[in-house]
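Listed here are the chains, written in short residue letters.
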Amino acid sequence: MTNLWRMAGRNLLRYKRRTLLTLSLIVFGVLFVAVFEAVTGSFKGMMIGQITDSFLGHMQIHRKGYLAAIESLPLTMNLKPQAAGKAEKALQEIPEIEAWSPRIKFGGMFSNFVETTNIRINGVDPQREAKTVPLFLSRIVEGEKALRKGEILVPELLAKGMKVKPGDPVVVIATNRDGSVNGKQLKVGGILESVTGPGGRDGYLHIDDAMEILRMEGQEISEIAIRLRDFGTLYRVHERLSGVLAEEKNPQGQPIFDVNTWEKLSPFYNIASMIDIMTLFIKLMLIAIVLISIMNVMIMAVYERIREIGTMAAIGTLPRKILGLFVWEGFTMGIVGAVIGSLLSAAAIYGIDLSRITFNFSRQTGLILSPSIDPAGLLIISGIVIGVSILASLQPALKAARMDPIEALGHV
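If you're wondering where the values come from, they're calculated on a predicted model, not measured in any experiment. (Residues numbered from 1 in each chain as written. Predicted model: local features only at pLDDT ≥ 70, side-chain atom pairs only at ≥ 80, totals over all residues. Heavy atoms only, no water.)

Topologically, Thr22 is positioned in helix 2 (residues 16-56). A residue is classified by how much of its surface remains accessible, and Thr22, at 5% relative accessible area, is buried. Thr22 has contacts with Ser293, Ile294, Val297 and Met333, leaving out every residue within four places of it along the chain. (Helix = DSSP H or I, 4+ residues; strand = E, 2+ residues; numbered from the N terminus. Buried < 20%, exposed > 50% of the residue type's maximum accessible area, 1.4 Å probe, protein only. Contact = heavy atoms within 4.5 Å.)

Below is the structure:
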């Protein structure tokens, strides 16, 4: 093996300019892919964090069929107190779950005693909601960063349209599941910034106020938002929780609960998927660059060394040895390019992290781009480069190994 390394290195150095150009293409290919993957991964993680930590949570539990009718916020599809209790008991038994928050969601009318408009209401327990979605209270742009009984957090768009501000008295009117109408006078506790753009119409009030408006005798929960200790355990916890809750059936033998990750609940998952697709295409471009570059070098090496190959064959060098020599040259080029590219990638990603580049996402401003070095990602990229290098050298190597010694020696 040492001899193969030495011979491969010597043969590559015989054509320094060509080898250097090919290595440069490989190095810049690895560098570009690794930096692109780190930057887009950072943006994707930031985007997911803003969505899940602001209002959505990592997972949610609903009554089976609720999501299909979620636009109308049907009170008839809420979880009864007994079912909600079973769900919370299951959550307590999973240590990977950090917090959860029950919510009552309903549509209603919002009035400032002069004008009236529709509003989507979220009744929450402020303490539990803040633990489940840590950025919830930070969305309050006017007023105290708190939610108390008798107060409502009004979405920014609605507050501007209705000309209300913190401290103003308002009325929320809603129809309960039995069809009776009830209302409650509240005080505007704060103006809430929308995380989904200027069209948000979601207001928040204390869960006890929501129960009073809807005349509930017990908490009939629309959804339970869940936060995990480690976001990386999302799919494992989702599978486990789904399996536990799947055992709960209604009298008709149908499942009671529906457990979904944030991906099913947010349209921004499509953007995250597009980022993954873009990364895949960039990797395919890297494969094409490496394949074409190394194949070009190796084909030229075979044609320029035909008589040398004939001489090796004539003195008894076995075809597999000739094949191995050319494959080893491609492997050497791939591994050197991958190592140099990985080192430069790590330095570039570290430099970008230190530069503290900021960007805006939706209504959030001043978010800091924090790409990180992923050793596993660099190993995958390096493995792809090395594998493609070997693949690219196979065709020229086979051509060299199959040459007739007499014809090769007579080649001019």
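Let us now look at the layout of surface pockets. Of the pockets and cavities examined, the second largest pocket occupies roughly 320 Å³. The class makeup of the residues in the lining of the second largest pocket is six nonpolar, three polar and five charged. (1 Å grid on protein atoms, 1.4 Å probe; cavity = no way out; pocket = protein on both sides within 12 Å on 5 of 7 lines; lining within 4 Å. Points joined across faces, edges and corners; volume = space filled by probe spheres on them. Nonpolar A, V, L, I, M, F, W, Y, C, P; charged D, E, K, R; others polar.)

One pass over the structure, following the stated rule, counts three aromatic pairs. Judged by centre distance (5.3 Å) and plane angle (50 degrees), the ring pair of Trp328 and Phe331 falls under tilted. Linking Trp328 with Phe331, this pair stays in helix 11 (residues 319-355), spanning three residues, or about one helical turn. Owing to a relative accessible area of 18%, Trp328 belongs among the buried residues under this scheme. (Phe/Tyr/Trp six-rings, centres within 6.5 Å; stacked < 30°, edge-to-face > 60°.)

Turning our attention to helix 3 (residues 81-92). Over its twelve residues, helix 3 runs 16 Å from end to end, which matches the ideal 16 Å to within 8%, given 1.5 Å per residue. Restricting attention to buried positions, one finds in helix 3 the residues Ala83, Ala84, Ala87, Glu88, Ala90 and Leu91. Seen along its axis, helix 3 keeps its buried residues to an arc of 155 degrees; they face one direction. Seen from the open side of helix 3, the exposed residues pointing more than 90 degrees away from its buried face are Gln82, Lys89 and Gln92. (Expected span 1.5 Å × (residues − 1). Arc of directions from axis to C-beta.)

The interhelical angle for the contact between helix 3 and helix 7 (residues 234-245), taken along N-to-C directions, is 140 degrees, at an axis separation of 10 Å. Classified by the angle their axes make, helix 3 and helix 7 are oblique. Taken as a pair, helix 3 and helix 7 cross one another with a handedness that is right-handed. Of the residues in helix 7, those in contact with Ala87, Ala90 and Leu91 of helix 3 are Leu241, Val244 and Leu245. Residue composition of the contact of helix 3 with helix 7, by class: six nonpolar, no polar and no charged. (Axes fitted to C-alpha atoms, helices over the stretch in contact; angles between N-to-C directions. Parallel < 35°, antiparallel > 145°, perpendicular 65-115°, else oblique. Left-handed = near helix turned anticlockwise from the far one by under 90°.)

Phi is positive for Leu73, close to 45 degrees, though the residue is something other than glycine. Positive phi values are uncommon outside glycine, yet Phe113 reaches one of about 75 degrees. Counting through the fold element by element, Phe113 comes out in the loop between strand 2 (97-111) and strand 3 (116-124).

This part is about the packing of helix 2 against helix 12 (residues 375-401). How two helices pack is summed up by the angle between their axes together with the distance between the axes. The interhelical angle for the contact between helix 2 and helix 12, taken along N-to-C directions, is 150 degrees, at an axis separation of 10 Å. One finds that helix 2 runs roughly antiparallel with respect to helix 12. Crossing angle aside, the handedness with which helix 2 passes helix 12 is right-handed. Where helix 2 abuts helix 12, its residues Ile26, Val30, Val33, Ala34 and Glu37 lie against Gly377, Leu378, Ile381 and Val385.

With respect to the helices, strands and loops of the structure, Asn182 is situated in strand 7 (residues 181-192). Polar side-chain contacts of Asn182 include one of 3.2 Å to the backbone oxygen of Glu212. A distance of 3.3 Å separates the side chain of Asn182 from the backbone oxygen of Ile213, its partner in a polar contact. Other than its neighbours up to four places away in sequence, Asn182 contacts Val172, Ile173, Ala174, Glu212, Ile213 and Arg215. (Polar contact = N/O pair within 3.5 Å; in protein donor to acceptor, adjacent residues only side chain to side chain.)

Turning to the environment of Ser138, a few remarks are in order. For Ser138, the position within the fold is in the loop between helix 4 (126-132) and strand 4 (140-143). Residue classification places Ser138 among the partly exposed residues on the basis of a relative accessible area of 44%. Distance in space between the C-alpha atoms of Ser138 and Leu192 is 8.9 Å, their sequence separation being 54 residues.

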